[in-house]
Amino acid sequence: GAPKDLYGNNKRSLGSRGIKSRFIPPVRKDDDSEGASSGLGECTSSPYTELMTDERLKNIDAKMVELIMNEIMDHGSPVAWDDIAGLELAKNTIQEIVVWPMLRPDIFTGLRGPPKGILLFGPPGTGKTMIGKCIASQSRSTFFSISASSLTSKWIGEGEKMVPCNVCCCEDGATTGDDDRILVVGATNRPQELDEAARRRLVKRLYIPLPDAVNKLSEICWLIKIHDLCEEDIKNVSEKADGYSGADMANLCREAALGPIRSIRFTDIQHISVDEVRPISVKDFIAALKAIRASVSNQDLNLYEEWNKKYGINS
Ligand code: ADP
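Residue indices follow the written sequence of each chain, beginning from 1 at its first position. Owing to the predicted nature of the model, reporting of local features is limited to residues with pLDDT of at least 70; listing and counting of side-chain atom pairs is limited to 80 or more, with chain, interface and lining totals taken over all residues.

1. Remarks on the overall build of the chain
Here comes step 1: Looking only at helices and strands, one finds 11 helices and seven strands in the chain.
Here comes step 2: Within the span of the chain, comprising 315 residues, buried residues form 35% of the whole.
Here comes step 3: Contact between two residues is assigned when their C-beta atoms, built from the backbone, lie within 7 Å. Long-range pairs, those at least 24 residues apart, make up 74% of the contacts in the chain between residues at least 6 apart in sequence. Comment: elements are numbered from the N terminus, with helices defined as DSSP H or I runs of at least four residues and strands as E runs of at least two. The exposure scheme places C-beta atoms from the backbone and then counts, for each residue, the other C-beta atoms within 10 Å of its own, assigning buried at 20 or more, exposed at 12 or fewer, and partly exposed in between.

2. Details of the nonpolar core
Here comes step 1: In plain words, the nonpolar core is the set of buried Ala, Val, Leu, Ile, Met, Phe, Trp, Tyr and Cys residues that C-beta atoms within 7 Å link up. One finds Ile118, Leu120, Ile131, Ile135, Val185, Leu206 and Ile208 to be the most contacted residues of the largest nonpolar core, which totals 28 residues.
Here comes step 2: When contributions to this core are tallied by element, the ones reaching two or more residues are α3 (88–103), β2 (117–121), α4 (128–138), β6 (182–188) and β7 (204–207).
Here comes step 3: With five residues, the top contributor of residues to this core is α4.
Here comes step 4: Look past the residues within four positions of Ile131 in its chain and what remains in contact with it is Ile84, Ala90, Ile94 and Leu120.
Here comes step 5: Residues Leu217, Ile224, Val237 and Ala256 belong to the second largest nonpolar core, which totals 14 residues.

3. Some details on the packing of α3 against α4
Here comes step 1: Contact geometry of α3 with α4 gives a least axis separation of 11 Å together with a crossing angle of 40 degrees. Taken together, the axes of α3 and α4 lie oblique to each other. With respect to the hand of their crossing, α3 and α4 are arranged in right-handed fashion. Here Ala90, Ile94, Val98 and Val99 of α3 come into contact with α4, specifically with Ile131, Ile135 and Gln138.
Here comes step 2: In this classification, the charged set is Asp, Glu, Lys and Arg, the nonpolar set is Ala, Val, Leu, Ile, Met, Phe, Trp, Tyr, Cys and Pro, and all remaining amino acids, among them Gly, are polar. When its residues are assigned to classes, the contact of α3 with α4 shows six nonpolar, one polar and no charged. The angle between two axes is taken between their N-to-C directions and runs from 0 to 180 degrees, where each axis is a line fitted to C-alpha atoms and a helix contributes only its stretch in contact. Angle categories are assigned with fixed cut-offs, so that under 35 degrees is roughly parallel, over 145 is roughly antiparallel, 65 to 115 is roughly perpendicular, and the rest are oblique. Handedness of each helix crossing follows the sense of rotation of the near helix against the far helix: counterclockwise by less than a right angle gives left-handed, clockwise gives right-handed.

4. Quick notes on α3
Here comes step 1: Given a residue, its bend is the angle between the two axes fitted to the seven residues that end at it and to the seven that start from it. Approximately 45 degrees is the largest bend angle found in α3, and it occurs at Gln95.
Here comes step 2: Along α3, the residues that are buried comprise Ala90, Ile94, Val98, Pro101 and Met102.
Here comes step 3: Buried residues along α3 sit against β2, α4, β6 and β7.

5. Examining the packing of helix α9 (residues 246–262) against helix α10 (residues 282–291)
Here comes step 1: Two numbers describe how α9 lies on α10: the axes approach to 8 Å, and their chain directions differ by 130 degrees. The orientation of α9 relative to α10 falls into the category oblique. Considering the relative orientation of α9 and α10, their crossing is right-handed. Residues Leu252, Glu255, Ala256, Gly259 and Pro260 of α9 pack against Asp284, Phe285, Ala287, Ala288, Leu289 and Ala291 of α10.
Here comes step 2: Per-class residue counts for the contact of α9 with α10 are eight nonpolar, one polar and two charged.

6. A look at the confidence of the model for the chain
Here comes step 1: Per residue, pLDDT captures the predictor's confidence, and it can take any value from 0 to 100. The pLDDT averaged across the chain works out to 72; a share of 66% of its residues lies at or above 70.
Here comes step 2: For the stretch residues 1–47, pLDDT sits under 50, and the model shows 96 contacts to residues farther than four places along the chain or on other chains.
Here comes step 3: Scored below 50 in pLDDT, residues 173–178 shows 10 contacts in the model against residues more than four places distant or in partner chains.
Here comes step 4: The ipTM assigned to the predicted complex is 0.98, against a pTM of 0.70.

7. Thoughts on the pairing of β2
Here comes step 1: Burial runs high along β2: five of the five residues are buried.
Here comes step 2: Inspection of the sheet shows β2 paired to β6 by five bridges, in the parallel sense. Bridge pairing in β6 links Leu119 to Gly186.
Here comes step 3: Should DSSP find at least two bridges between two strands, the strands are regarded as paired. Across four bridges, the pairing between β2 and β7 is parallel. Counted as the bridge partner of Leu119 is Arg205 from β7.

8. Some remarks on the environment of Leu223
Here comes step 1: Within the element layout of this structure, Leu223 appears in helix α7 (residues 213–223).
Here comes step 2: Put simply, Leu223 and Cys253 are 30 residues apart on the chain and 6.9 Å apart in space, counted from C-alpha to C-alpha.

9. Describing the environment of Asp212
Here comes step 1: Among the structural elements, Asp212 can be located in the loop between β7 and α7.
Here comes step 2: Taking C-alpha positions, Asp212 is 9.2 Å from Ser245, a pair spaced 33 residues apart along the chain.

10. Quick look at the environment of Thr126
Here comes step 1: Inspection of the secondary structure puts Thr126 in the loop between β2 and α4.
Here comes step 2: Since 28 C-beta atoms lie within 10 Å of it, Thr126 is described here as buried.
Here comes step 3: Spatially, the C-alpha atoms of Thr126 and Ile84 are 9.6 Å apart, while their sequence positions differ by 42 residues.

Structural data, given as structure tokens:
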């Protein structure tokens with residue numbers, strides 16, 4: 001099957017629609033000098049050849065179409081909100097401003113209309129990409145993950161500089177014809193580098209912070225199945241993991257899970273049965289806490305908080 005992460009999520013498991021489903025292309029600017037005949041159109045063996053004959057794509061730069069089509073993540077099972085630990089405030093906000101409007105475009109019209117762009121910002125490894133994937137699967141949309149640095153400014157907009165961030169475009173699958181919608185979800189660890197034009201485009205800017213102690217605790221419980229830690233131990237470990245991101249916590253649990261394996265003698269490893277591998281203990285976690293350190297500095301955290309106060313919607 002598809003590769004899974006520690007949470008059992010498929011690595012590329014977004015959306016439920018194929019490349020032949022309705023797709024709203026980025027429109028090529030008139031002053032574009034690169035012709036639509038370059039690149040993809042000439043490649044007869046390309047799986048996208050059929051797509052290129054689509055009338056709606058006739059004004060689109062072929063290379064750009066190829067770039068985007070290659071990035072569609074459309075395999076495996078969808079990501080659910082429950083797969084994302086903590087972040088209740090962010091999840092609730094996103095449901096309200098993005099998912100419901102996409103599911104019920106008839107109710108969310110006019111003033112209640114959804115934003116065209118949202119930005120998820122915060123330290124690396126806090127679940128921003130997971131949220132992007134979740135939005136796509138929950139709103140029955142196609143999800144593209146495109147690194148902004150691989151896109152030219154003509155695609156993003158009027159030539160403004162986009163920062164290094166991922167841009168996901170979701171097509172609304174619930175509507176037809178002119179009601180088709182694209183939502184741009186930007187995710188960045190470096191919001192400070194966004195210029196004014198990009199900020200304007202990404203109207204709703206949502207801070208995705210480090211998990212608090214309670215969420216770390218639930219992450220540990222979720223990740224480690226066979227262990228002999230009591231509740232107090234788990235609480236202790238989660239408090240010691242101060243400043244750890246979700247990704248750091250996953251790495252910590254991974255490292256601790258190796259503890260029992262390391263205590264098996266090399267000569268025994270080939271014959272030992274699965275039941276004989278001892279449970280993960282609190283000592284494994286204490287050792288792992290030394291090996292896996294927090295990846296986000298306090299200084300960086302201050303920057304995020306400041307930016308959130310200035311531009312965020314949940315400050
Ligand atoms: P970001 O996009 O914020 O840099 P990701 O969403 O790619 O981070 O998360 C990286 C990995 O860290 C995930 O695949 C997951 O294993 C783990 N992770 C981070 N935050 C969370 C969270 N809130 N819930 C569950 N897993 C998380």
